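For reference, the chains in residue letters:
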Amino acid sequence: MVTLEPAMALHTCENALRELISSVLSDALGPEWLAAVADSDRLLEWEKRATSEQARRTKRGVVIPPPGLAYAQFFDLVRILKSDKLWTYFAPALGKRSETISLIDRFDSLRNTVAHGRPLVPYEQELLSGIAGQIRNQVTRYMSSKDPAGDFYARIETIRDSFGNEITDPPTPHGELAGRCITDLVLTPGDRVVFTVIGTDPQGRDLEWRFEGRSGFDPRSYIVTSQNGNAAQLIWDVTDADVNETATIQIYMESSSSQYHRFGWFDQRAYFRYIVRPPQTSLLL
């Protein structure tokens, strides 16, 4: 497995645990599951963090997640995982409690070093990366187990645009659509949108990404490759051909070395929708 840089290892592990906790507990406890795992003071603290981030970032055009587990710190996630009454829900994904908690505690000590700007020696970087990779793979396999074909095909983990918009809708039952994001952003020709994409493959294969935008654009003509679980970027330079009140960018992902794909030539897709209008100068002509 390719060693993840410390920042990516932190992102990978935390996101995997957030995904697992949200998925497992929402299924087991229902839509009010957050109240069952966090007291009112903790929920208020997360809401304050969301409000503070909204005040700082939305005026710069950044979209932020709603209040909830997205604002929980790593120790919050660990506290939930260590709960005796909740572990039974996580065991099918993470295995033996003692082994998993031991790994997560070691990860947390290394995470604390990174968070305070202190460098890690090479073996510590490899250990941080290895634990993050194991947790991510366990979560990936568990999520895939809910899908009869999930042990073979790759899946999209997250896609976020450079404005902070992120796919949030749950995947479609048959798995083709990983999510969608209908934005109200108004773009004009000359703008640039960068999509940061992360996917996972239960077989550990590299992934290929491409997008389809304006009519007639060949989705196979622009390809970016990422290593399993690592981020890649797709760049959309908005042109006159994209002018449309429902301009849609379809993002496709496939495992690069597999002979077979879930949906013909790709394994999963997602889409973002924007408004693209002519530049103001064109109104004067």
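To be clear, the structure that these remarks concern was listed above.
This is a predicted model, so every value here is computed, not measured.

Draft legend 1. Representation of the sheet that holds strand E2 (residues 177–187). The sheet built from 5 strands is open, its strands ordered E2-E8-E7-E4-E5 with mixed pairing. Each edge of the open sheet is held by one strand with a lone partner, namely E2 and strand E5 (224–226). Strand-to-strand twist in this sheet, taken as the mean axis angle between neighbours without regard to direction, amounts to 20°. Two elements, strand E4 (residues 207–212) and strand E7 (residues 244–255), share 6 bridges in a ladder whose sense is antiparallel. If you follow Arg210 over to E7, its bridge partner there is Tyr252.

Draft legend 2. Looking closely at the sheet that holds strand E6 (residues 231–237). The 3 strands are arranged E1-E3-E6 in an open sheet whose pairing can be described as antiparallel. One side of each edge strand has no neighbouring strand; the edge strands of this open sheet are strand E1 (155–161) and E6. Sheet twist, expressed as the mean angle between neighbouring strand axes with direction ignored, is 25°. The pairing of E1 with strand E3 (residues 192–200) spans 6 bridges and is antiparallel. Opposite Arg155, over in E3, you have Thr200 as the bridge partner. This element, helix H7 (residues 122–145), spans E1 and E3 of the sheet and lies at about 110° to E1.

Draft legend 3. Local environment of the side chain of Gln268. With respect to the element layout, Gln268 can be found in strand E8 (residues 268–276). At 2.6 Å, the side chain of Gln268 and the backbone nitrogen of Ile156 are in polar contact. Here Gln268 is in contact with Arg155, Ile156, Gly175, Glu176, Leu177, Ala178, Ile251, Tyr252 and Met253, once residues within four sequence places are set aside.

About the thresholds
Residues numbered from 1 in each chain as written. Predicted model: local features only at pLDDT ≥ 70, side-chain atom pairs only at ≥ 80, totals over all residues. Heavy atoms only, no water. Pairing = 2+ DSSP bridges. Helix = DSSP H or I, 4+ residues; strand = E, 2+ residues; numbered from the N terminus. Axes fitted to C-alpha atoms, helices over the stretch in contact; angles between N-to-C directions. Contact = heavy atoms within 4.5 Å. Polar contact = N/O pair within 3.5 Å; in protein donor to acceptor, adjacent residues only side chain to side chain.

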